[in-house]
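Per-entry structural report
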Amino acid sequence: MAQRKIVVLGTGGTLAGTSATPGDNVGYTAAQVGIADLLARIPTLNGVPIESEQVAQVDSKDMTFAIWRDLAARCAHWLAQDDVAGIVITHGTDTIEETAFFLQEVLAPRKPVAMTCAMRPSTAISPDGPQNIVDAVTVASDQGAQGVTVVCAGVVHDARAIAKVHNYRIDPFSSGDAGPVGYVEDGKLRIVREWPSGGGMKVPQQWPRVEIVFSYAGATGDTVKSLVAQGVRGIVIAATGNGSVHHELMPALLDAQARGVRVMRATRTAEGGIIPKPSDQLPHTNLPPVKARIRLMLELA
Ligand code: SIN
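In this text, all values refer to a predicted model and were calculated from it rather than measured experimentally.

What follows concerns the packing of helix α5 (residues 222-229) against helix α6 (residues 250-258). At a minimum axis separation of 8 Å, α5 and α6 run at an interaxial angle of 20°. When the interaxial angle is binned, α5 and α6 end up roughly parallel. In the crossing of α5 with α6, the sense of the turn from one axis to the other is left-handed. Each of V224, K225 and V228 in α5 lies in contact with α6, whose residues at this interface are A252, L253 and A256. In the contact of α5 with α6, the residues fall into five nonpolar, no polar and one charged.

Rendered as structure tokens:
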């Protein structure tokens, strides 16, 4: 049987960015170079047959529900083809954890969907994008791989565990307590825990409005009251520590819940979750706030 191909879907990001000055790793414009052009610059893709498609061309801070829908549809299309071993998606680092989580939740793919990115633009003296793409192709072509992962700086992260924890270094992600799924070392995959699994929710036709509200020193219920008046369907509270909420904010949240708004606590701490206790007045999740918001939108839809 002929070797199965990898489909690379481009969505932009720093990986596709350019700056006027080659050494400038900050003052660049993201999402300028097309995916076919980026792939053509890489001397080797391990001899794997590649097909590419430009699904979007954005700085990922500007990610939209429409792009998410297109991306999920293109992934579903390609994953259903027998001659496709897996998918690579290029994406900006800023919201890659959200898109990865969304895709795992809706696709629950049995084949690998390896997302990748870069912290330096394509015009950098030493861009990190090309190696990251090669590593993502290694993951996407692995026979045993499955689910949505993010491959960056030789580390393979699970879509549910990954979070961007640094603004500049070329290894900006952490998988927190869960740890990475594995590593790509000189073209070889070393797996240290199970691949992502689960999901299978529907891609919404209409996205219910769900907002994130932080609990912090001096918090009040005003933002929550305003959101309820605007018809918000869900509120994720980025709660302090083990899920605690400022006493000035709590009554507005309880009132919102009583009016039918789904209210969910998620801890704003970078690691760990929420350990429930009998006196809790609001439900909680162990997802971080941005991912709790996506889960709530999918549930409400
Ligand atoms: C983006 O997220 O699109 C820009 C920043 C990056 O890719 O690192």
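From this point, the discussion proceeds with the structure in view.
To continue, consider the layout of surface pockets. Of the volumes computed, that of the largest pocket is approximately 580 Å³. Looking at the lining of the largest pocket, the elements with two or more residues in it are β7 (163-164) and α7 (289-300). For the lining of the largest pocket, the per-class residue count stands at 10 nonpolar, eight polar and eight charged. Approximately 240 Å³ is the volume found for the second largest pocket. Classifying every residue of the lining of the second largest pocket by side-chain character gives six nonpolar, seven polar and four charged.

With that settled, consider the environment of A153. With respect to the element layout, A153 can be found in the loop between β5 (147-152) and β6 (155-158). When the C-alpha atoms of A153 and A239 are compared, they prove to be 31 Å apart, with 86 residues separating the residues in sequence.

Let us look at the sheet that holds strand β4 (residues 112-116). Here eight strands make up an open sheet; going across it, the order is β2-β1-β3-β4-β5-β6-β9-β10 and the pairing mixed. Two strands close off the open sheet at either side, each with one partner strand: β2 (50-58) and β10 (188-191). With strand direction ignored, the average angle separating the axes of adjacent strands in the sheet is 25°. The sheet contact formed by β6 and strand β9 (residues 182-185) spans two bridges and is antiparallel.

It is worth spelling out the state of the cysteines at this point. This structure, assessed with the given rule, holds zero disulfides. Not engaged in a disulfide, the cysteine C152 finds its nearest cysteine sulfur in C117; these two sulfurs lie 3.8 Å apart. Look at C152 and you get buried, because its relative accessible area is 0%.

Let's shift gears to the pattern of salt bridges. In total, this model carries 16 salt bridges according to the counting rule given. For the salt bridge of E185 with R190, the shortest nitrogen-to-oxygen distance reads 2.8 Å. What makes E185 partly exposed here is its relative accessible area of 36%. Look at R190 and you get partly exposed, because its relative accessible area is 40%. Three or more residues joined by partner-sharing salt bridges are found here, namely K5, E51 and D83.

Turning next to the pairing of β9. Residues G182 and V184 line the buried face of β9, whereas the alternating positions Y183 and E185 sit on a face that is not buried. Linkage of β9 to β10, two consecutive antiparallel strands, is achieved through a turn of two residues, within which D186 is found at a positive phi near 55°.

In this section: the packing of helix α3 (residues 96-107) against α7. Interaxial distance between α3 and α7 falls to 10 Å at its minimum, and their mutual angle equals 35°. Regarding α3 and α7, the two cross each other, and that crossing is right-handed. Note on element contacts: α7 touches α3 through V290, K291, I294, R295 and L298, opposite E97, E98, F101, F102, E105 and V106. Within the contact of α3 with α7, the residues separate by chemical class into six nonpolar, no polar and five charged.

Those residues of α6 that fall on the buried side of the exposure criterion are M250, A252, L253 and A256. When α6 is viewed along its axis, its buried side chains cluster within an angular range of 160° and face the same direction. Trailing α6 by a residue or two, G260 shows a phi angle of about 95°, which is positive.

Right, let's talk about the site of the ligand for a bit. Around the ligand, the neighbouring residues are G13, T14, Y28, D59, S60, G92, T93, D94, A118 and M119. Between the ligand and T14, the relevant distance is 2.9 Å, taken from an oxygen atom to a side-chain nitrogen or oxygen of the residue. In the environment of the ligand, an oxygen atom lies 2.6 Å from a nitrogen or oxygen atom belonging to the side chain of S60. Alone, the ligand offers 250 Å² of accessible surface; in the complex the protein occludes 95% of this. In this structure the site holding the ligand corresponds to the second largest pocket. Split by residue class, the shell around the ligand holds three nonpolar, five polar and two charged.

The rules behind the values
Residues numbered from 1 in each chain as written. Predicted model: local features only at pLDDT ≥ 70, side-chain atom pairs only at ≥ 80, totals over all residues. Heavy atoms only, no water. Axes fitted to C-alpha atoms, helices over the stretch in contact; angles between N-to-C directions. Helix = DSSP H or I, 4+ residues; strand = E, 2+ residues; numbered from the N terminus. Parallel < 35°, antiparallel > 145°, perpendicular 65-115°, else oblique. Left-handed = near helix turned anticlockwise from the far one by under 90°. Contact = heavy atoms within 4.5 Å. Nonpolar A, V, L, I, M, F, W, Y, C, P; charged D, E, K, R; others polar. 1 Å grid on protein atoms, 1.4 Å probe; cavity = no way out; pocket = protein on both sides within 12 Å on 5 of 7 lines; lining within 4 Å. Points joined across faces, edges and corners; volume = space filled by probe spheres on them. Pairing = 2+ DSSP bridges. Disulfide = S-S within 2.5 Å. Buried < 20%, exposed > 50% of the residue type's maximum accessible area, 1.4 Å probe, protein only. Salt bridge = Lys/Arg side-chain N within 4 Å of Asp/Glu carboxyl O. Arc of directions from axis to C-beta. Near = heavy atom within 4 Å. Polar contact = N/O pair within 3.5 Å; in protein donor to acceptor, adjacent residues only side chain to side chain. Areas by Shrake-Rupley, 256 points an atom, 1.4 Å probe, with all protein chains shown as cover. Sits in = over half its atoms within 2 Å of the grid points.

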